[in-house]
Amino acid sequence: MTSRNLRRRLHHGNVGGKVHEHFNTSGMEDLNEPFLGLHDRDDKHSEVQGQNLEDLWDSERRKVQLHWTSVFSQLIAQWAQWLANIVIGSGSLLGRLISFGSNGQNKITMASLSPLQEERLKYLKQRLEIPFDGACTEHQDALKQLWRLAYPGRELPALKSELWKEMGWQGSDPSTDFRGGGYISLENLIFFAKKYPDSFQNLLHKKEGRRAEWEYPFAVAGINISFMLAQMLDLQSGKPNSVSGRRFLELLGKDEMAFDNLYCIAFRMMDAQWLAKRASYMEFNEVLKSTRTQLERELALEDISSFKDLPAYNLLDR
């Protein structure tokens, strides 16, 4: 067994659930607001005594829908600020350059990027700026393509149908859920379904592991992962200067779809964290923070020259 393979197995002990680790989630202010609210189960059950089971589930669904609406309102505000940062950062020479660190170590700057890296980074930022438009034929067709990839052989529903909830959308109209993640989050889901179909289907249908009674909604979770990745990689600032951001620029120079491939790894890693923690619906935000921490740790490893070198890449079914 090579030293790299040994390192990968040891490094991923915390993902498999055999070793439990405390994750440091400091420095993630944008994710401090929970994506899912916490409720006291005992109080809730005392309040609904006398209701039948069907009324209880209806009440839960209404609470969940109201909470996700609030979450996405917050996400829209963050997205607007993010786009403003991109415009300001890309329009200023000072915003495009990163100085040398105080310890003398050279940090990656926009000026030091190769023409290929600059071109790919520019294109990625353009993708990030595109909102989902429910009236756009191209976006409608992409949504239909996602359904066909997710449920081959099944009849395609109308763009507004209760059937979309099966995929993990909040309501009958998926277009309302893209407000926070933009069109790129739909592209990410399609890429995942096409390149890693087995992993996509496993996560969509929750085929692996001991599952919670209240599982995370697949599609909406995917939107949150797209947004989390863009934040983690400093793409909103116009000058990726975090450890993860600098490493990503290296990967981008070798793979034009580096963001999409990293998305697939992050989604698979999130589900592994979910199972290891035996998480339930109300703990999604905590799991997302743990996923970010773990991914940042892997991107900081010295011998990463491709997304395939990341230990979590081995979680994907290929």
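Residues numbered from 1 in each chain as written. Predicted model: local features only at pLDDT ≥ 70, side-chain atom pairs only at ≥ 80, totals over all residues. Heavy atoms only, no water.

### Some thoughts on the overall build of the protein chain
Test applied: Secondary structure elements follow DSSP: runs of H or I no shorter than four residues count as helices, runs of E no shorter than two count as strands, and numbering proceeds from the N terminus. We call two residues in contact whenever any of their non-hydrogen atoms come within 4.5 Å of each other. Accessible surface area values rest on a Shrake-Rupley calculation with a 1.4 Å probe, where residue burial reflects the displayed protein chains alone.
Across its full length, the protein chain carries 12 helices and 0 strands. Tracing the protein chain from N to C terminus, the helices and strands come up as α-α-α-α-α-α-α-α-α-α-α-α. Considering only intrachain contacts with a sequence separation of at least 6, the fraction spanning at least 24 residues in the protein chain is 73%. As displayed, the protein chain offers around 15,800 Å² of accessible surface, 50% of which is attributable to carbon and sulfur atoms.

### Regarding the side chain of serine 244
Following the sequence through the fold, serine 244 ends up in helix H10 (residues 243–254). Not counting residues up to four positions away in its chain, the partners in contact with serine 244 are Met232, Leu233, Glu296 and Leu299.

### Quick word on the environment of tryptophan 169
Position of tryptophan 169 among the secondary structure elements: in the loop between helix H6 (137–150) and helix H7 (183–195). It is 7.7 Å that separates the C-alpha atoms of tryptophan 169 and phenylalanine 218, two residues lying 49 residues apart in sequence. With residues up to four places along the chain from it excluded, the contact list for tryptophan 169 reads Leu143, Leu146, Trp164, Pro174, Asp177, Phe178, Leu189, Ala219, Val220 and Ile223.

### Focus on the pattern of salt bridges
Applicable threshold: In what follows, salt bridge is the name for a side-chain nitrogen of Lys or Arg lying within 4 Å of a carboxyl oxygen of Asp or Glu.
Following the criterion strictly, the structure yields 10 salt bridges and no others. The shortest N-O distance in the salt bridge between arginine 127 and aspartate 260 comes to 3.0 Å. In this pair, arginine 127 sits in helix H5 (residues 115–128) while aspartate 260 sits in helix H11 (residues 258–276), placing the two residues 133 residues apart along the sequence. Here arginine 154 and glutamate 166 are joined by a salt bridge, their closest N and O atoms 2.8 Å apart. Here glutamate 166 lies in the loop between H6 and H7 and arginine 154 lies in the loop between H6 and H7, a separation of 12 residues in the sequence. Through salt bridges with shared partners, a single ionic network connects Glu208, Arg211, Glu215, Arg268 and Asp271.

### Remarks on the nonpolar core
To keep things clear, this is the line we draw: In this text, buried Ala, Val, Leu, Ile, Met, Phe, Trp, Tyr and Cys residues form a nonpolar core when linked through side-chain atoms within 4.5 Å. When accessible area is computed with a 1.4 Å probe and restricted to protein chains, residues below 20% of their type maximum are described as buried, those above 50% as exposed, and intermediate ones as partly exposed.
Ranked by size, the top nonpolar core spans 67 residues in total, and within it Met167, Trp169, Leu186, Phe192, Phe248 and Phe267 carry the most contacts. Elements with a minimum of two residues in this core: H5, H6, H7, helix H8 (197–204), helix H9 (218–232), H10, H11 and helix H12 (284–299).

### Section: the packing of aromatic side chains
Filter applied, for reference: Here a pair means two rings of Phe, Tyr or Trp (six-membered ring of Trp) with centres within 6.5 Å. Their orientation is stacked below 30 degrees between planes, edge-to-face above 60, and tilted elsewhere. Ring-over charges, as used throughout, are those where CZ of Arg or NZ of Lys falls within 6 Å of the ring centre and within 35 degrees of the ring normal.
Evaluation of the coordinates by the stated rule reveals 15 aromatic pairs. Look at phenylalanine 200 and phenylalanine 218: their rings are 5.1 Å apart centre to centre, the planes differ by 90°, and that puts the pair in the edge-to-face class. Here the residue phenylalanine 200 occupies a position in helix H8, and phenylalanine 218 occupies one in helix H9, the gap between them amounting to 18 residues. In this pair, the class of phenylalanine 200 matches that of phenylalanine 218, namely buried. Here phenylalanine 248 and phenylalanine 259 contribute two aromatic rings whose centre-to-centre distance is 6.4 Å and whose plane-to-plane angle is 85°, an arrangement assigned as edge-to-face. Note that phenylalanine 248 is positioned in helix H10 and phenylalanine 259 in helix H11, a separation of 11 residues in sequence. Assigned by exposure class, phenylalanine 248 and phenylalanine 259 land together as buried. An aromatic cluster of three or more residues is present, and its members are Phe192, Phe200, Phe218, Tyr263 and Phe267. Its guanidinium or amino end placed over the ring of tyrosine 151, arginine 154 lies 4.8 Å from that ring's centre, counting from NZ or CZ.

### Thoughts on H6
Keep this limit in mind: To estimate how far a helix should extend, the number of its residues minus one is multiplied by 1.5 Å. This arc is built from the directions going out from the helix axis to the C-beta atoms.
Between its first and last C-alpha, H6 extends 20 Å over 14 residues, near the 20 Å set by a 1.5 Å rise per residue. Every buried residue of H6 is accounted for by His139, Ala142, Leu143, Leu146, Trp147 and Ala150. Looking down the long axis of H6, one finds its buried residues gathered within 145° of arc, a one-sided arrangement. Residues of H6 that are exposed and angled more than 90 degrees away from the buried face: Thr137 and Glu138. Buried residues along H6 sit against H7 and H8.

### Topic: unusual backbone geometry
Even without being a glycine, lysine 206 presents a positive backbone phi close to 50°. Its place among the elements puts lysine 206 in the loop between H8 and H9. In the Ramachandran plot, arginine 278 falls in the positive-phi region, its phi being about 50° despite a non-glycine side chain. By the element assignment, arginine 278 lies in the loop between H11 and H12. The exposed category is assigned to arginine 278, whose relative accessible area is 66%.

### Comments concerning H5
When the terminal C-alpha atoms of H5 are compared, their 20 Å separation across 14 residues agrees well with the 20 Å that a helix rising 1.5 Å per residue should span. Among all positions in H5, only Gln117, Arg120, Leu121, Leu124, Lys125, Arg127 and Leu128 are buried. The buried side chains of H5 occupy one side of the element, clustering within an arc of 155° when seen end-on. Relative to its buried face, H5 has exposed residues pointing more than 90 degrees away, namely Pro115, Glu119, Lys122 and Tyr123.

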